[in-house]
Amino acid sequence: MKSFRERVLVVVSSIPKGHTATYAQVAAKAGNPKAARAIGTIMRKNFNPLIPCHRVVRSDGTVGEYNRGGPGAKTKLLHTESATLRHS
DNA sequence: TAGTTGACCGGAA
DNA sequence: ATTCCGGCCAACT
(Lines give C-alpha, C1' and ligand atoms only; values in the text may rest on other atoms or scores of the structure.)
Protein backbone atom coordinates (compact mmCIF):
# COMPACT_ATOMS: atom_id res chain seq x y z
CA MET A 1 0.00 0.00 0.00
CA LYS A 2 1.81 3.06 -1.26
CA SER A 3 0.98 6.60 -0.40
CA PHE A 4 -1.57 8.43 -2.44
CA ARG A 5 1.07 10.71 -3.90
CA GLU A 6 3.08 7.69 -5.07
CA ARG A 7 0.10 6.42 -7.05
CA VAL A 8 -0.59 9.87 -8.43
CA LEU A 9 2.98 10.18 -9.70
CA VAL A 10 2.72 6.76 -11.31
CA VAL A 11 -0.58 7.60 -12.98
CA VAL A 12 0.76 10.89 -14.32
CA SER A 13 3.90 9.21 -15.61
CA SER A 14 1.63 6.75 -17.38
CA ILE A 15 0.03 9.45 -19.49
CA PRO A 16 0.96 8.79 -23.15
CA LYS A 17 2.63 11.47 -25.22
CA GLY A 18 0.20 13.68 -27.06
CA HIS A 19 -2.46 12.82 -24.54
CA THR A 20 -3.76 14.86 -21.64
CA ALA A 21 -5.63 13.92 -18.49
CA THR A 22 -7.64 16.03 -16.09
CA TYR A 23 -6.79 16.32 -12.41
CA ALA A 24 -10.09 14.62 -11.59
CA GLN A 25 -9.24 11.80 -13.98
CA VAL A 26 -5.82 11.31 -12.44
CA ALA A 27 -7.33 11.42 -8.97
CA ALA A 28 -9.90 8.81 -9.95
CA LYS A 29 -7.20 6.57 -11.42
CA ALA A 30 -5.16 6.99 -8.26
CA GLY A 31 -8.12 5.80 -6.25
CA ASN A 32 -9.76 9.02 -5.06
CA PRO A 33 -12.11 10.65 -7.59
CA LYS A 34 -12.59 13.58 -5.23
CA ALA A 35 -8.92 14.23 -4.58
CA ALA A 36 -8.47 16.43 -7.64
CA ARG A 37 -7.39 19.30 -5.44
CA ALA A 38 -4.91 17.18 -3.57
CA ILE A 39 -3.26 16.34 -6.89
CA GLY A 40 -2.24 19.95 -7.25
CA THR A 41 -0.96 20.01 -3.69
CA ILE A 42 1.18 16.96 -4.38
CA MET A 43 2.44 18.01 -7.79
CA ARG A 44 3.33 21.48 -6.68
CA LYS A 45 5.76 20.10 -4.12
CA ASN A 46 6.85 16.85 -5.69
CA PHE A 47 7.82 17.75 -9.17
CA ASN A 48 10.34 15.44 -10.77
CA PRO A 49 11.41 15.30 -14.45
CA LEU A 50 10.10 11.76 -14.86
CA ILE A 51 6.59 13.01 -14.22
CA PRO A 52 4.98 14.78 -17.19
CA CYS A 53 2.86 16.98 -14.98
CA HIS A 54 2.38 19.30 -17.94
CA ARG A 55 0.05 16.69 -19.45
CA VAL A 56 -2.33 17.14 -16.57
CA VAL A 57 -4.94 19.80 -17.23
CA ARG A 58 -8.14 21.00 -15.64
CA SER A 59 -11.59 19.56 -16.34
CA ASP A 60 -12.50 22.71 -18.22
CA GLY A 61 -9.71 22.04 -20.67
CA THR A 62 -7.60 24.90 -19.36
CA VAL A 63 -3.94 24.14 -18.72
CA GLY A 64 -4.09 25.19 -15.09
CA GLU A 65 -0.91 26.13 -13.28
CA TYR A 66 2.72 25.09 -13.54
CA ASN A 67 5.69 25.53 -11.25
CA ARG A 68 8.23 25.05 -13.99
CA GLY A 69 7.97 28.29 -15.95
CA GLY A 70 4.31 29.15 -15.56
CA PRO A 71 1.21 28.07 -17.51
CA GLY A 72 2.79 29.39 -20.68
CA ALA A 73 5.60 26.86 -20.60
CA LYS A 74 3.09 24.12 -19.89
CA THR A 75 0.95 25.08 -22.85
CA LYS A 76 4.02 25.24 -25.05
CA LEU A 77 5.08 21.75 -24.00
CA LEU A 78 1.62 20.39 -24.75
CA HIS A 79 1.67 22.06 -28.12
CA THR A 80 5.07 20.53 -28.79
CA GLU A 81 3.68 17.10 -28.03
CA SER A 82 0.74 17.81 -30.29
CA ALA A 83 -1.59 17.22 -27.40
CA THR A 84 -5.26 17.87 -27.96
CA LEU A 85 -5.67 21.19 -26.25
CA ARG A 86 -8.95 22.87 -25.79
CA HIS A 87 -9.39 26.52 -26.53
CA SER A 88 -10.51 28.27 -23.35
C1' DT B 1 -3.56 17.64 17.23
C1' DA B 2 -5.61 21.36 14.89
C1' DG B 3 -5.68 24.99 11.51
C1' DT B 4 -4.34 26.91 6.96
C1' DT B 5 -3.27 26.44 2.06
C1' DG B 6 -3.69 25.32 -2.83
C1' DA B 7 -1.39 23.28 -10.04
C1' DC B 8 -9.30 21.66 -8.38
C1' DC B 9 -14.46 20.49 -9.39
C1' DG B 10 -19.27 21.11 -9.79
C1' DG B 11 -23.25 23.44 -9.07
C1' DA B 12 -25.80 27.89 -8.32
C1' DA B 13 -26.61 33.00 -9.25
C1' DA C 1 -21.35 32.97 -21.10
C1' DT C 2 -19.04 34.53 -16.57
C1' DT C 3 -18.64 34.89 -11.52
C1' DC C 4 -19.46 33.15 -6.77
C1' DC C 5 -19.65 29.60 -3.20
C1' DG C 6 -19.06 25.31 -0.86
C1' DG C 7 -16.82 20.89 -0.65
C1' DC C 8 -13.14 17.51 -0.85
C1' DC C 9 -8.37 15.88 -0.14
C1' DA C 10 -3.32 15.77 0.84
C1' DA C 11 0.68 18.46 2.51
C1' DC C 12 2.66 22.10 5.51
C1' DT C 13 3.13 24.93 9.83
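Scroll up to find the structure this text is about.
Calculation notes
- Residues numbered from 1 in each chain as written.
- Chains lettered and ligands numbered in written order.
- Predicted model: local features only at pLDDT ≥ 70, side-chain atom pairs only at ≥ 80, totals over all residues.
- Heavy atoms only, no water.
- Salt bridge = Lys/Arg side-chain N within 4 Å of Asp/Glu carboxyl O.
- Buried < 20%, exposed > 50% of the residue type's maximum accessible area, 1.4 Å probe, protein only.
- Near = heavy atom within 4 Å.
- Polar contact = N/O pair within 3.5 Å; in protein donor to acceptor, adjacent residues only side chain to side chain.
- Helix = DSSP H or I, 4+ residues; strand = E, 2+ residues; numbered from the N terminus.
- Nonpolar A, V, L, I, M, F, W, Y, C, P; charged D, E, K, R; others polar.
- Arc of directions from axis to C-beta.
- Contact = heavy atoms within 4.5 Å.

K.L.:
In this structure, what is going on with the pattern of salt bridges? I would like to understand it.
P.N.:
Side chains that differ in sign of charge can pair as their charged atoms come close. As enumerated under the stated definition, the model contains three salt bridges in all. Between Glu6 and Lys2 there is a salt bridge, and its shortest N-O distance comes to 3.3 Å. Ionic pairing is found between Arg5 and Glu6, a salt bridge with its closest N-O pair at 3.6 Å. The class of Arg5 is partly exposed, set by a relative accessible area of 33%. Among the residues examined, Glu6 registers a relative accessible area of 28% and is labelled partly exposed. By sharing partners, the salt bridges in this structure join Lys2, Arg5 and Glu6 into a single network.

K.L.:
What exactly am I supposed to notice about the protein's contact with DNA strand C here?
P.N.:
As a matter of local geometry, DNA strand C sits amid Phe4, Arg5, Asn32, Lys34, Ala35, Arg37, Ala38, Thr41, Ile42 and Lys45. Near the protein, meaning within 4 Å, the atoms of DNA strand C are sugar or phosphate in a fraction of 62%, with bases accounting for the rest. For DNA strand C, a phosphate oxygen lies 3.0 Å from a polar atom in the side chain of Asn32. A distance of 2.6 Å separates a base oxygen of DNA strand C from a polar atom in the side chain of Arg37. Those elements giving two or more residues to the surface near DNA strand C turn out to be helix 1 (4-13) and helix 3 (36-45). Looking at the surface near DNA strand C element by element, the count peaks at five residues for helix 3. Across the surface near DNA strand C, the residue classes tally to four nonpolar, two polar and four charged.

K.L.:
I tried to follow helix 3 on my own but got confused; where do I start?
P.N.:
The α-helix winds at 3.6 residues per turn, so residues separated by three or four positions along the chain end up facing the same way. Buried within helix 3 we find Ile39, Ile42 and Met43. Each buried residue of helix 3 sits inside an arc of 95 degrees when the element is viewed along its axis, so together they form one side. Those residues of helix 3 that are exposed and aimed more than 90 degrees away from the buried face are Arg37, Arg44 and Lys45. At its buried positions, helix 3 is contacted by helix 1 and helix 2 (23-30).

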